[in-house]
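Listed below are the residues making up each chain.
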Amino acid sequence: MFAKEVYVSRRATLLAKMREAGQSGLILFVGNAEAPAQYKDNCYKWRQDSSWLYYWGLDEPLMAAVMSIDSGEEILFADDVEIDDIIWMGPQPSVESKAASVGVSRHRPYGQIASWLEERVKGRPVHFLPPSRYYNTLKLQELVPGGKPSEALIKAVISMRLIKEPVEIKALDEACDLGVAMHSVARNCITLGIIEQDIVGKMEGIALAKGWGVSFPTILTQHGETLHNHLHDKVIEPGKLMVIDAGVESNEHYASDFTRTYPTSGKFTPKQRDIYQIVYECNELAFSLTKPGTTYREVHLAVARHMLECLSALDLVHGNIDDMMAIGLAGLFQPHGLGHNMGLDVHDMEDLGENLVGYDPDQTRAKQLGLGSLRMARRLVPGHVITDEPGIYFIPALIEKFKKEGTGAEFINFAKLETYYDFGGIRLEDDVLVTPEGARRLGHARLPIAPDDVEAAM
């Protein structure tokens, strides 16, 4: 948790933004509750709602808060512990002291929020964010019957959370340092004949020993052509490529998200190195183009063009690059976007609406394969935190679909692509902060990424 002045300032800014947007009434925040896994007292690992953490900082279940746009009044709803709670949990700070720690002077029991709202709404609008959990959905239906998430509030929150404050950047650097440590352990554990799960256990041990845990389910696979492969049951075989896409969530709940691809035998084959070099160049190109005033959509397209030029040099595609770009042919090899926003969520704020978070009002989302999956297309400004994660994948089913339908047939060397059906995939990902001068990679050390450096590290 940050100093209380951080939360006081954020809430004041939010109220000012809502007033500037011509809004009135109340803003309602509902924090998360515990979620039972099998039975009531055995719950999934606790995680607070990220927007709640951003404005209120209190990392405990069953809390809610209301702010008046008109008067600036703030009130926290939470319960003090009783003797049964103390028996199981020990003595706990009072609600009054918790409220004071984030600059709130008024509080009431959690169970009074419904009656409190009923007395004060009286036709006034109640603004709330879209819920991502069932408990919050049901609670909001109870508190605001027939109500809908507030677009004005969503836009105000996005505008604030998109631009990271100095305390957040420090937290993100620390999360990335933990991510580097976790990935270094994983790389050093790659051993022929062991089960992938052995590596996952050791690397996630770092996340649990030094932070809250992983920021998303770990991807560690010798089948990198499957973009989100969470199976870890394979024996590590010689001559394969291992994609490791994993991140740490710090104790302050800020995320890291790195991807590296390693040759399981310690050295790339010539064929693997050719493709790896292209992805490495794409990663470096994206970083070099990342600066204020440039849209990340432009960066994605520049990477796609370079990718096609290099694949053309390998005779996997042929023809006019402009024509290939026009039909979105790069999506055959990279069917995902170049990157996404990152912060308190590894895909920051996507619960608030992916297009609202990742696209400026004058941008529309493309329908092309790959470009249509770009989660962050905005014009970059200092304070944005984004991922730079190009990849090349040889997905037999997708290639066969293109072949059957004749998509891009005039450009694609299908016969040569068939020799890559057992190749897998390569992805390389760094976390990047946009600065006034350009950009910098987050964390104090970078994982080896150039092909020679990767082989040396292994």
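This one's a predicted model, so the numbers in the text were calculated from it and none came from an experiment. One numbering rule holds for all chains: residues counted from 1, following each sequence as written. Local features are withheld for residues below a pLDDT of 70 in this predicted model, meaning they are given only at 70 or higher, and side-chain atom pairs are given and counted only at 80 or more; totals for whole chains, interfaces and linings count all residues. To get the side-chain values, take all heavy atoms of the structure and skip hydrogens and water.

A. Expanded view of the overall build of the chain. A tally of helices and strands in the chain yields 16 helices and 17 strands. If one aligns the C-alpha atoms of the chain with their principal axes, the spans along those axes are about 70 × 50 × 40 Å. Three exposure classes are used, based on accessible area relative to the maximum for each residue type with a 1.4 Å probe and protein chains only: buried under 20%, partly exposed in between, and exposed over 50%. A buried classification covers 53% of the 458 residues belonging to the chain. Relative to all contacts within the chain whose residues are 6 or more apart in sequence, the contacts with residues 24 or more apart total 74%. Only DSSP runs of H or I reaching four residues or more are called helices, and only runs of E reaching two or more are called strands; each is numbered from the N terminus. By definition, residues are in contact when any of their heavy atoms lie within 4.5 Å.

B. Structural context of helix H11 (residues 296–313). Over its 18 residues, H11 extends 26 Å from the first C-alpha to the last, a length consistent with the 26 Å expected when each residue adds 1.5 Å. Inspection of H11 places Tyr 296, Val 299, His 300, Val 303, Ala 304, His 306, Met 307, Leu 308, Cys 310 and Leu 311 among the buried residues, and these make up the whole buried set. The inward-facing, buried residues of H11 abut helix H10 (270–289), helix H12 (321–326), strand S13 (385–388) and strand S14 (391–393). At the exit of H11 stands Asp 315, carrying a positive phi of roughly 65 degrees. By definition here, a helix of n residues has an expected span of 1.5 Å times n minus one.

C. A look at a nonpolar patch on the surface. Exposure above 30% relative accessible area and the lack of any salt bridge qualify a residue for a patch; like charges then connect within 9 Å, and the nonpolar side chains Val, Leu, Ile, Met, Phe, Trp and Tyr within 5 Å. Each accessible area is a Shrake-Rupley estimate made with a 1.4 Å probe; only the visible protein chains count as cover when residues are assessed. For this document, the term salt bridge refers to a Lys or Arg side-chain nitrogen within 4 Å of an Asp or Glu carboxyl oxygen. Taken together, Ile 83, Ile 86, Ile 87, Trp 88 and Met 89 make up a surface patch of nonpolar side chains, about 630 Å² in accessible area. Looking at where Ile 87 falls in the secondary structure, it is placed in helix H3 (residues 83–89). A relative accessible area of 61% places Ile 87 in the exposed class.

D. Seen up close, the environment of Tyr 135. Mapped onto the elements of the fold, Tyr 135 is located in helix H6 (residues 134–143). Taking C-alpha positions, Tyr 135 is 9.7 Å from Val 30, a pair spaced 105 residues apart along the chain. Contact partners of Tyr 135, with chain neighbours within four places excluded, come to Gly 31, Ala 33, Leu 62 and Tyr 110.

E. Expanded view of the packing of aromatic side chains. Between rings of Phe, Tyr and Trp, where Trp is taken as its six-membered ring, a pair exists when centres lie within 6.5 Å; planes separated by under 30 degrees are stacked, by over 60 edge-to-face, and by other angles tilted. Applying the stated rule across the entire model yields twelve aromatic pairs. Ring centres of Phe 29 and Tyr 55 lie 5.5 Å apart, and the angle between their planes is 45 degrees; on these two criteria the pair is classed as tilted. Here the residue Phe 29 occupies a position in strand S1 (residues 26–30), and Tyr 55 occupies one in helix H2 (residues 50–56), the gap between them amounting to 26 residues. Neither Phe 29 nor Tyr 55 differs from the other in exposure class; each is buried. For the ring pair Phe 77 and Trp 116, a centre distance of 5.8 Å and an interplane angle of 70 degrees mean the geometry is edge-to-face. Here Phe 77 is found in strand S5 (residues 74–77), whereas its partner Trp 116 is found in helix H5 (residues 113–120), with 39 residues between them in sequence.

F. The arrangement of the nonpolar core in detail. The term nonpolar core refers to a set of buried residues drawn from Ala, Val, Leu, Ile, Met, Phe, Trp, Tyr and Cys, joined through side-chain atoms within 4.5 Å. Ile 199, Ile 275, Leu 311, Phe 333, Ile 392 and Phe 394 are the most contacted members of the largest nonpolar core, which has 71 residues in total. For Ile 275, the residues in contact, after removing those within four places along its chain, are Leu 311, Leu 314, Leu 316, Ile 392, Phe 394, Tyr 420, Phe 423 and Ile 426.

G. Representation of the pattern of salt bridges in the model. Evaluated as defined, the whole model comprises 34 salt bridges. Glu 174 is the partner of Lys 170 in a salt bridge, and the nearest nitrogen-oxygen pair spans 2.8 Å. One end of the pair, Lys 170, and the other, Glu 174, are both in helix H8 (residues 166–189), four residues apart, so they sit about a helical turn from each other. Using a relative accessible area of 52% as the deciding quantity, one classes Lys 170 as exposed. The partner of Glu 418 in a salt bridge is Lys 403, and the shortest N-O contact between them spans 3.1 Å. Of this pair, Glu 418 sits in the loop between helix H15 (414–417) and strand S15 (425–427) while Lys 403 sits in helix H14 (residues 396–405); the two residues are 15 residues apart in sequence, bridging distant segments of the chain.

H. View of the packing of helix H1 (residues 4–20) against helix H7 (residues 151–161). Fitted lines through C-alpha atoms serve as axes, helices being fitted only where they are in contact, and the angles separating the N-to-C directions of these axes extend from 0 to 180 degrees. Two elements in contact, H1 and H7, have axes separated by 10 Å at closest approach and are oriented at 135 degrees. Judged by the angle between their axes, H1 and H7 are oblique. Crossing angle aside, the handedness with which H1 passes H7 is right-handed. Within the contact between the two elements, H1 uses Arg 10, Thr 13, Leu 14, Lys 17 and Met 18 and H7 uses Ala 152, Leu 153, Ala 156, Val 157, Ser 159 and Met 160. Taken together, the residues of the contact of H1 with H7 sort by class into seven nonpolar, two polar and two charged. Relative orientations are named as follows: roughly parallel for angles under 35 degrees, roughly antiparallel for angles over 145 degrees, roughly perpendicular for angles from 65 to 115 degrees, and oblique for any other angle. Handedness of a crossing follows from how the near helix is turned relative to the far one, being left-handed for an anticlockwise turn of less than a right angle and right-handed for a clockwise one. Gly is put with the polar residues, along with every residue not named as nonpolar or charged; the nonpolar set is Ala, Val, Leu, Ile, Met, Phe, Trp, Tyr, Cys and Pro, and the charged set is Asp, Glu, Lys and Arg.

I. Expanded view of the environment of Ile 113. Among the secondary structure elements, Ile 113 is positioned in helix H5. Separated by 38 residues in the primary sequence, Ile 113 and Ile 75 have C-alpha atoms spaced 9.8 Å apart. Not counting chain neighbours up to four residues away, the residues in contact with Ile 113 comprise Leu 28, Ala 64, Phe 77 and Leu 143.

J. Quick peek at the sheet that holds strand S4 (residues 64–68). Overall, mixed pairing links the five strands, which are arranged S6-S5-S4-S1-S7 in an open sheet. In the strand order of this sheet, the two ends are held by strand S6 (107–108) and strand S7 (126–127), each with one partner. Each pair of strands is called paired provided DSSP finds at least two bridges between the two strands.

K. Region of the structure containing the sheet that holds S13. Across the sheet, which stays open at both edges, the three strands sit in the order S13-S16-S17 with antiparallel pairing between neighbours. Looking at which strands have only one partner, the edges of the open sheet turn out to be S13 and strand S17 (439–441). Here the strands of the sheet are splayed against their neighbours by 35 degrees on average, with no regard to which way each runs. In the sheet, strand S16 (residues 430–434) pairs with S17 via three bridges, with the strands oriented antiparallel. Note on S17: the bridge partner recorded for Leu 433 is Arg 440. H10 contacts S13, S16 and S17 of the sheet and is inclined by roughly 135 degrees relative to S17.

L. The side chain of Thr 221, seen in detail. Within the secondary structure layout, Thr 221 lies in strand S9 (residues 219–221). Excluding residues within four positions of it along the chain, Thr 221 makes contact with Glu 196, Asn 229, Leu 241, Met 242 and Val 243.

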